[in-house]
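# Structure assessment
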Amino acid sequence: MAINLYIENKFIEADAVLNEMQDRGFRPTSVVYGAKAAALCKERKVVEAVEVIEKEMVGANCVPTMEVFSIVVGDGKTGGLIS
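Described in the following lines is the structure provided in the data block. This one's a predicted model, so the numbers in the text were calculated from it and none came from an experiment. (Residues numbered from 1 in each chain as written. Predicted model: local features only at pLDDT ≥ 70, side-chain atom pairs only at ≥ 80, totals over all residues. Heavy atoms only, no water.)

A word on the overall build of the chain. If you tally the helices and strands in the chain, you get five helices and zero strands. The order of α-helices and β-strands along the chain, N terminus first, is α-α-α-α-α. Taken across its 83 residues, the chain has 37% of its residues classed as buried. In the chain, 51% of the contacts between residues at least 6 apart in sequence involve partners at least 24 apart. Just so you have it, the chain exposes about 5100 Å², and 57% of that area is on carbon and sulfur atoms. (Helix = DSSP H or I, 4+ residues; strand = E, 2+ residues; numbered from the N terminus. Buried < 20%, exposed > 50% of the residue type's maximum accessible area, 1.4 Å probe, protein only. Contact = heavy atoms within 4.5 Å. Areas by Shrake-Rupley, 256 points an atom, 1.4 Å probe, with all protein chains shown as cover.)

Here's what the structure looks like:
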């Protein structure tokens, strides 16, 4: 559900779902964080996308994957650092 909300750029609702997941003991995967980073990059909020990796993922003990790094650096589709 959080992934779909991030895709729809509904950050407040998606973050609420993410927080609820964590409060209930679920650990979000890199896919969830990747969706958030991609949505932020599409909005040209690359600094915030980097913070997803550096703060949120690390804080949740979730190892960033190459896919998440590729989203933030830029794959030509999501508006990352290189786009």
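Where helix H2 (residues 11-23) contacts helix H3 (residues 30-42), the two axes come as close as 12 Å, and the packing angle between them is 160 degrees. Judged by the angle between their axes, H2 and H3 are roughly antiparallel. Considering only the axes of H2 and H3, their crossing is left-handed. Each of Phe11, Asp15, Leu18 and Gln22 in H2 lies in contact with H3, whose residues at this interface are Val32, Tyr33, Lys36, Ala39 and Leu40. Each residue belonging to the contact of H2 with H3 can be placed in one class, and the counts come to six nonpolar, one polar and two charged. (Axes fitted to C-alpha atoms, helices over the stretch in contact; angles between N-to-C directions. Parallel < 35°, antiparallel > 145°, perpendicular 65-115°, else oblique. Left-handed = near helix turned anticlockwise from the far one by under 90°. Nonpolar A, V, L, I, M, F, W, Y, C, P; charged D, E, K, R; others polar.)

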